[in-house]
Structure formats: structure tokens, C-alpha cells
Amino acid sequence: MSHDPRTCDHELAGSRQPVGYLLMRVHQALRAAIDETLRPHGFTLPQVAVMFALARKSGLSTAELARRAFVTPQAMGEVLAGLEAKGCVIRRAHDSHGRILPTELTQTGIEARKLCHDVLAKAEAQMLSGLSTEERQMLGALLERCLEGLHDTPTEEAASSVPARLRSRPMKVRADQ
């Protein structure tokens, strides 16, 4: 059975709802569960994302951290200020670029990251509690393939699949009309 990838066939998922919508709902519910479990420990999800990113690669700039935590560079300033106040990160002046402040985890940050990892693992376990081990593995593999599919789609191809009337810029309307 062939399937046109540009169509949204929610019946393929065995649900009455489109897969993209289900993914958004799962994301919202997971985010709420994570926020709820992090709150008593005094951390936010963007702060945790920063600690995870710095554990993988130390010395990232504010802009790099913002991209990895899905926040704006301006918001990242607040995220980093909160982590600095808790003693979790330290920012030092860059050797050759005065405005760049590479960020590093402190020992306190490493310990906080471990705590947050455990909290996130509990939220994930709650989300996956109704699935067997095989289903969990299958879900992970399928989501990875979905990501690959999105990354493999050239922007021009995606844009060309949108009808021209929807791609055109909106007309400017003057206030006196």
C-alpha cells in the first residue's frame, strides 16, 4: 500500500486524531509533568536543558545554549542568571571575544544535573508506564525515523507543496480604508 507523505492520514496511527496533534498533546502533558516534578527542586526545564547541554559540551555561548534550550537569547540571559545564582554555572570572559561569555557547569551544577536527570526519568517512566519494553523500543525507533524524515525534507520541497495562495505574503491594509 503506497502512501503520499504530504497527506495527513491519522487513521495510520490507529487514532481518531492526527499524529502531529497527538505529538503536541503528548509534549504538552510531558512538559507539565516535568515542570511539576522540577518545581519542588527549584529548577525549570530550560535550566535543565542548559545543564544537560553543558554536560555534553562545556564552554557554550549564550546563543548556543538558547538554541539547545529552545528559548530566545534574551530569555537565556535570565535562565543563566538563575543558574549562576544557584551556583550551578560559571561564565568567564572569552579569550578573544569580550562579549562572549562561555558557560561551564560547576560541581554544584553537576550534582543538580544528576538530580534533574532522575526527576526527568520519573516523568518519562510515568508517560511510558502503559507500554511494554518492546513498545517503548518501537516508539523510540519510530520517533527517530520521524525526526530523520523531517530533517531530510528540503525547505524548497516543503514550500512548493503549499498552495501558492497560502504562500504569498499578506496584503498590506491601510488603517484609513
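Quick notes on the rules
Residues numbered from 1 in each chain as written. Predicted model: local features only at pLDDT ≥ 70, side-chain atom pairs only at ≥ 80, totals over all residues. Heavy atoms only, no water. Helix = DSSP H or I, 4+ residues; strand = E, 2+ residues; numbered from the N terminus. Buried < 20%, exposed > 50% of the residue type's maximum accessible area, 1.4 Å probe, protein only. Contact = heavy atoms within 4.5 Å. Areas by Shrake-Rupley, 256 points an atom, 1.4 Å probe, with all protein chains shown as cover. Salt bridge = Lys/Arg side-chain N within 4 Å of Asp/Glu carboxyl O. Core = buried A, V, L, I, M, F, W, Y, C linked by side-chain atoms within 4.5 Å.

**Quick notes on the overall build of the protein chain**
And then number 1: Tallying secondary structure elements over the protein chain gives eight helices and two strands in all.
And then number 2: When the helices and strands of the protein chain are placed in sequence order, the string is α-α-α-α-β-β-α-α-α-α.
And then number 3: Evaluated residue by residue, the protein chain yields a buried proportion of 20% over its 177 residues.
And then number 4: Counting only contacts in the protein chain whose residues sit at least 6 apart along the sequence, the fraction spanning at least 24 positions is 42%.
And then number 5: Accessible surface, the protein chain as shown: approximately 13300 Å² in total, 55% of it carbon and sulfur.

**Some details on the pattern of salt bridges**
And then number 1: Following the criterion strictly, the structure yields four salt bridges and no others.
And then number 2: A salt bridge links Glu-104 to Arg-92; the nearest nitrogen and oxygen atoms lie 3.9 Å apart. Taken as a pair, Glu-104 in strand S2 (residues 103–105) and Arg-92 in the loop between strand S1 (89–91) and S2 lie far apart in primary sequence, 12 residues in all.
And then number 3: By relative accessible area, which is 46% here, Arg-92 ends up partly exposed.

**Let's talk about the nonpolar core**
And then number 1: Of all hydrophobic cores here, the largest spans 25 residues; its most connected members are Phe-43, Val-48, Val-50, Met-51, Leu-65, Met-76 and Leu-83.
And then number 2: Listing elements by their share of this core, those giving two or more residues are helix H1 (19–38), helix H2 (45–56), helix H3 (62–69), helix H4 (73–85) and helix H5 (107–128).
And then number 3: The greatest single-element share of this core, amounting to six residues, is contributed by H2.
And then number 4: Ignoring sequence-local partners within four residues, the contact set of Leu-65 consists of Val-50, Ala-53, Leu-54, Leu-60, Met-76, Leu-80 and Thr-103.

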